[in-house]
Amino acid sequence: MMSTVEIPAGLKELLQGYTVEVLRRRPPNLAEFAVQHFTRILESQRNDQQAKIPSTEPVQKEVNFESDTDEPNKHEEEEEEEEEEEPVPVKRPSGKTNRRTAVCAEAYNPDDDEDDDTEPRVVNPKTDEQRHRLQDACRDILLFKTLEQEQFSEVLDAMFEVLVKPQDHIIDQGDDGDNFYVIEKGVYDIFVQKDGVSICVGKYDNKGSFGELALMYNTPRAATIVATQDGALWGLDRATFHRLIVKNNAKKRRMYEAFIECVPLLKSLEVSERMKIVDVLGARAFKDGDRIITQGDKADCFYIVETGEVKIMIKSKTKAGQQDNAEVEVARCSRGQYFGELALVTNKPRAATVYAVGETKCLVIDIQAFERLLGPCIDIMKRNISQYEDQLVALFGSSDDLKQ
Ligand SMILES: Nc1ncnc2c1ncn2[C@@H]1O[C@@H]2COP(=O)(O)O[C@H]2[C@H]1O
Ligand SMILES: Nc1ncnc2c1ncn2[C@@H]1O[C@@H]2COP(=O)(O)O[C@H]2[C@H]1O
């Protein structure tokens, strides 16, 4: 007679999940991939346990910030009772976080996220004045651009204000990721340590966001961020970032994977590199005639046309070489083509004005991600920049040296 063997609960799902991942990703080393896969699941279970708080208790932030008062975070159901006029506490970075073991970024897969809609929703109460400032600061944040309205509101609800002083280390390279930050004001240096030497690789100047990488890929912080002056940030806790942004990335990958594969500029990148671009990009829609870039402006992002068309106009020059205000069309870009790279590559102001022709949608990548992820494509861009010069010579008889 056959005895019945009891299969432990969850075993089937665990093995199924692993098998599906193997079929999707076809890793060269199954054992190594298994270690990464199950470590990630274990890590995520631990995070879930940390983040799960009984719904009758106030939601506590995971780690790292001291509140200036004892005011707790509130659950959604308590939100309506909130006294909006009360000034709401501001938190400042305190010591270091608990270290989290690094898990390979390549093994990251946003589809793995379980349906965690049951997670308690974090609501940090804000005054009307704080809410306005927060909305302003978040208006151009690319990671929020592809969120549904409802998800975006949840993000705003969960965010909390952080005031910083000069020399405050908001993030230290190598630490665990606790929060994602949106800049309201202040200048922040970015340092990356390589071979024991810390190099300032850039700065955030009163706008932008940082701290997404460690949360997206469950890796240690990839850079140190130091405030150079008094500033204000808005933090988003790791659990909410996972629930809303990382989950949205799975949707973004499905939406843009095929398109990004066909962008000629990105052909030389590995699939995983292209997916990292998808993770950080935002989408912006323009109407006919909208000005997307203005000649002479400071540059902070790069564009790929997803649908529609843009025209590139340059202020013409007089015989004496002076700029006059008439604009001359020098080029058009349509689906799969890019623009706005020149100022990022040359570190100069925008060299042309770009307008939407008809309804147009562009994918947008910020300067930090551009520098981090598009390095391998710089040579192709530089070759194309040489063509701009030829074009300008043909049009105006001369060109400023665009590559310098
Ligand atoms: N060159 C860079 N390399 C790594 N991180 C960078 C760089 N420039 C800006 N950053 C930001 O610095 C952050 C440090 O924490 P994270 O690794 O979570 O996310 C990182 C990015 O948001
Ligand atoms: N002939 C041209 N001269 C300058 N910019 C051009 C030209 N043709 C296309 N462009 C694009 O227009 C963009 C304007 O912003 P950027 O200078 O950042 O990058 C520029 C290029 O991507």
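Remember, predicted model here, so these are calculated numbers, not experimental data.

The subject of this paragraph is the domain arrangement of the protein. Along its sequence, the protein is organised into domain 1 (128-243) and domain 2 (264-402). Domain 1 and domain 2 are separated by 27 Å when their C-alpha centres are compared. Of the roughly 1000 Å² buried between domain 1 and domain 2, counting both surfaces, carbon and sulfur atoms make up 56%. A salt bridge links Glu 212 to Arg 372; the shortest N-O distance between them is 3.8 Å. Across the domain 1-domain 2 interface, the total number found is two residue pairs in polar contact (both at pLDDT 80 or more). Elements with a minimum of two residues in the side of domain 1 that touches domain 2: strand E7 (197-205) and helix H6 (213-217). It is E7 that provides the largest number of residues to the side of domain 1 that touches domain 2, a total of four residues. Of the residues belonging to the side of domain 1 that touches domain 2, the class tally is eight nonpolar, one polar and five charged.

Together, Ile 7, Leu 11, Leu 14 and Leu 15 make up an exposed nonpolar region whose accessible area comes to about 350 Å². Its place among the elements puts Leu 11 in helix H1 (residues 11-25). The exposure class assigned to Leu 11 is partly exposed, which follows from its relative accessible area of 35%.

Right, let's talk about the state of the cysteines for a bit. In total, this model carries zero disulfides according to the counting rule given. With no disulfide of its own, Cys 138 lies 16 Å from the sulfur of Cys 301, the closest cysteine sulfur. The thiol of Cys 262 is unpaired, and the distance to the nearest cysteine sulfur, on Cys 377, comes to 15 Å.

The next thing to look at is the UniProt feature "binding site: 3',5'-cyclic AMP 1" (unreviewed entry) in the protein. Following the UniProt record, one finds the feature "binding site: 3',5'-cyclic AMP 1" (unreviewed entry) at Glu 212 and Arg 221. Among the structural elements, Glu 212 can be located in the loop between strand E8 (209-210) and H6. Dropping the residues within four chain positions of it, Glu 212 is found in contact with Leu 143, Phe 180, Phe 241, Val 280 and Arg 372. Tracing the backbone shows Arg 221 in the loop between H6 and strand E9 (224-227). Look past the residues within four positions of Arg 221 in its chain and what remains in contact with it is Ile 171, Asp 172, Gln 173, Gly 174, Asp 175, Asp 176, Gly 177, Asp 178, Asn 179, Tyr 181, Gly 211 and Ala 214. Here Asn 179 takes part through its backbone oxygen, which lies 2.7 Å from a polar atom of the side chain of Arg 221.

With respect to the helices and strands, Gly 208 occurs in the loop between E7 and E8. Taking relative accessible area as the criterion, Gly 208 reaches 25% and is therefore assigned partly exposed. Separated by 56 residues in sequence, Gly 208 and Pro 264 place their C-alpha atoms 28 Å apart. Beyond its immediate chain neighbours, meaning those up to four positions away, Gly 208 contacts Ile 141, Val 182 and Ile 183.

Residues in contact with ligand 2 amount to 15 residues; listed here are only the nearest, Gly 340, Glu 341, Ala 343, Arg 350 and Ala 351. Gly 340 has a polar backbone atom sitting 2.9 Å from an oxygen atom of ligand 2. One of the side-chain nitrogen or oxygen atoms of Gln 391 is found 3.0 Å away from a nitrogen atom of ligand 2. Bound to the protein, ligand 2 loses 99% of the 450 Å² it would expose on its own. Elements with a contribution of two residues or more to the shell around ligand 2: strand E13 (301-317), helix H9 (342-346) and helix H11 (378-396). Partitioning the shell around ligand 2 into residue classes produces eleven nonpolar, two polar and two charged.

This part takes up the packing of aromatic side chains. Throughout the structure, instances matching the rule amount to nine aromatic pairs. Ring centres 6.0 Å apart and planes at 75° place the aromatic pair Phe 144 and Phe 180 in the edge-to-face group. One end of the pair, Phe 144, is in the loop between helix H4 (128-138) and helix H5 (149-158); the other, Phe 180, is in strand E5 (residues 179-185), with 36 residues separating them in the sequence. Classification of Phe 144 by relative accessible area gives buried; the value is 5%.

Attention now goes to the sheet that holds E9. Pairing is antiparallel across the open sheet formed by four strands, whose spatial order is E4-E9-E6-E7. The strands lining the two open edges of the sheet, one partner per strand, are strand E4 (169-171) and E7. If you compare each strand with its neighbour and ignore which way they point, the axes differ by 30° on average. Bridge count between strand E6 (residues 187-194) and E9: four bridges; the pairing is antiparallel. Its bridge partner being in E9, Tyr 188 is matched across the sheet by Ala 227.

About the cut-offs
Residues numbered from 1 in each chain as written. Chains lettered and ligands numbered in written order. Predicted model: local features only at pLDDT ≥ 70, side-chain atom pairs only at ≥ 80, totals over all residues. Heavy atoms only, no water. Domains from an automatic or database assignment. Buried area = accessible area lost by both parts, 1.4 Å probe. Salt bridge = Lys/Arg side-chain N within 4 Å of Asp/Glu carboxyl O. Polar contact = N/O pair within 3.5 Å; in protein donor to acceptor, adjacent residues only side chain to side chain. Helix = DSSP H or I, 4+ residues; strand = E, 2+ residues; numbered from the N terminus. Nonpolar A, V, L, I, M, F, W, Y, C, P; charged D, E, K, R; others polar. Patch = residues over 30% accessible without salt bridge, like charges linked within 9 Å, V, L, I, M, F, W, Y side chains within 5 Å. Areas by Shrake-Rupley, 256 points an atom, 1.4 Å probe, with all protein chains shown as cover. Buried < 20%, exposed > 50% of the residue type's maximum accessible area, 1.4 Å probe, protein only. Disulfide = S-S within 2.5 Å. UniProt positions renumbered as here; feature names shortened; annotations may be inferred. Contact = heavy atoms within 4.5 Å. Near = heavy atom within 4 Å. Phe/Tyr/Trp six-rings, centres within 6.5 Å; stacked < 30°, edge-to-face > 60°. Pairing = 2+ DSSP bridges. Axes fitted to C-alpha atoms, helices over the stretch in contact; angles between N-to-C directions.

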